[in-house]
Amino acid sequence: MAFAAPLERLIEQLRRLPGIGAKSAQRLAFHVLKMSSEEARALAAAVVDVKETIRLCGTCFNITDTDPCLVCSDTARDRSGLCVVEEPHNMVAIEKSGSFRGLYHVLHGSIAPLRGLGPDDLKIAPLLERLRDGSVKEVILATNPNVEGEATAVYLSRLLKPLGLRVTRIALGLPVGSELEYADEVTVGKSFEGRREL
Ligand SMILES: [Zn+2]
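Now for a description of the structure that goes with this document. For clarity, every value in this text was computed on a predicted model and none was experimentally measured.

So, on to the packing of aromatic side chains. In this description, a pair of aromatic rings is defined by centroid distance and the angle of the planes. Evaluation of the coordinates by the stated rule reveals three aromatic pairs. With centroids separated by 5.6 Å and ring planes inclined at 35°, the aromatic side chains of Phe100 and Phe192 adopt a geometry described as tilted. Of this pair, Phe100 sits in the loop between helix H4 (88–97) and strand S4 (103–106) while Phe192 sits in helix H7 (residues 185–193); the two residues are 92 residues apart in sequence, bridging distant segments of the chain. For Phe100, a relative accessible area of 8% translates into the label buried. You can call Phe192 buried: its relative accessible area is 2%. Site record: aromatic cluster; members linked through ring pairs are Phe100, Tyr104 and Phe192.

This paragraph deals with the pairing of strand S3 (residues 81–85). Within S3, five of the five residues are buried, which leaves the element mostly enclosed by the surrounding structure. By the alternation rule, side chains of S3 split into Gly81, Cys83 and Val85 and Leu82 and Val84, which are all buried. Bridge count between S3 and strand S5 (residues 138–141): four bridges; the pairing is parallel. Bridge pairing in S5 places Cys83 opposite Ile140. Pairing between S3 and S4: four bridges, direction parallel. Bridge assignment links Val85 to a residue of S4, and that residue is Val106. What joins S3 to S4 is H4, and the crossover it makes is right-handed.

Applying the stated criterion across every chain, the model contains eight salt bridges. We note a salt bridge from Glu197 to Arg166, for which the minimum N-O separation is 3.0 Å. Of the two residues, Glu197 sits in strand S7 (residues 196–197) while Arg166 sits in strand S6 (residues 166–169), which places them 31 residues apart along the sequence. You can call Glu197 partly exposed: its relative accessible area is 48%. Taking the relative accessible area as the measure of exposure, Arg166 reaches 37% and is therefore partly exposed.

Only Cys57 (SG), Cys60 (SG), Cys69 (SG) and Cys72 (SG) from the protein coordinate the zinc ion, and they sit 2.3 Å from it. If you look at the zinc ion, its four donor atoms make angles of 104 to 116° with each other, and the shape they trace is tetrahedral. Read in sequence order, the donor residues coordinating the zinc ion give the pattern C-x2-C-x8-C-x2-C. Of this pair, Cys57 sits in the loop between strand S1 (55–56) and strand S2 (63–64) while Cys69 sits in the loop between S2 and S3, placing them twelve residues apart in sequence. With respect to burial, Cys57 and Cys69 carry one shared label: buried.

Glancing now at the environment of His89. On the secondary structure map, His89 appears in helix H4. Sequence-wise, His89 and Val106 are 17 residues apart; in three dimensions their C-alpha atoms are separated by 9.5 Å.

Rules behind the numbers
Residues numbered from 1 in each chain as written. Predicted model: local features only at pLDDT ≥ 70, side-chain atom pairs only at ≥ 80, totals over all residues. Heavy atoms only, no water. Phe/Tyr/Trp six-rings, centres within 6.5 Å; stacked < 30°, edge-to-face > 60°. Helix = DSSP H or I, 4+ residues; strand = E, 2+ residues; numbered from the N terminus. Buried < 20%, exposed > 50% of the residue type's maximum accessible area, 1.4 Å probe, protein only. Pairing = 2+ DSSP bridges. Right-handed = clockwise from strand over helix to strand, strands pointing away. Salt bridge = Lys/Arg side-chain N within 4 Å of Asp/Glu carboxyl O. Donors = N, O, S within 2.8 Å, 3.2 Å for Na, K, Ca; no water. Tetrahedral: all angles 85-135°; square planar, octahedral: opposite > 155°, others 65-115°.

Shape descriptors only; they carry no functional weight alone.
Written as structure tokens, this is what we have:
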């Protein structure tokens, strides 16, 4: 026997979320059913809102609801340092560590030939465009310390060094194969202090 159609529809939608199996979807759907109308409306509104108001910063490609984002428009930040990360959540991890006060550039991925991802699939062209006016003096490559992140850092350093910039790589005191987002704040801080010239 199936549940009433609207309930089946909700279960079906929830099942599409990552990590949610049939049982979890059912449990969540029944939880929604018990919510007050206000709570249910707030949940639905938050889902719609995130899609309608959140976009990418036109400068750094961070996820934002203002363009330029709060980091790019913060005049107190050091505009001579630019930290390159793979994903927006990597930027959040670095910000939490408080170890960097410059600007960022989010690539939205890494070079991964096995998954068919090349330099053209990343935000590399706009990165080069940003560096043109010469205000950035150091580019810190903070891609993940795994094979793909390393390959991306090597590719970028070959591209950027001829421009006369100081190109550094965060110290790999981070466990190899790990991701920045799982490193604690102290480790992220140390990896910035110990960054090396490429
Ligand atoms: Zn930005």
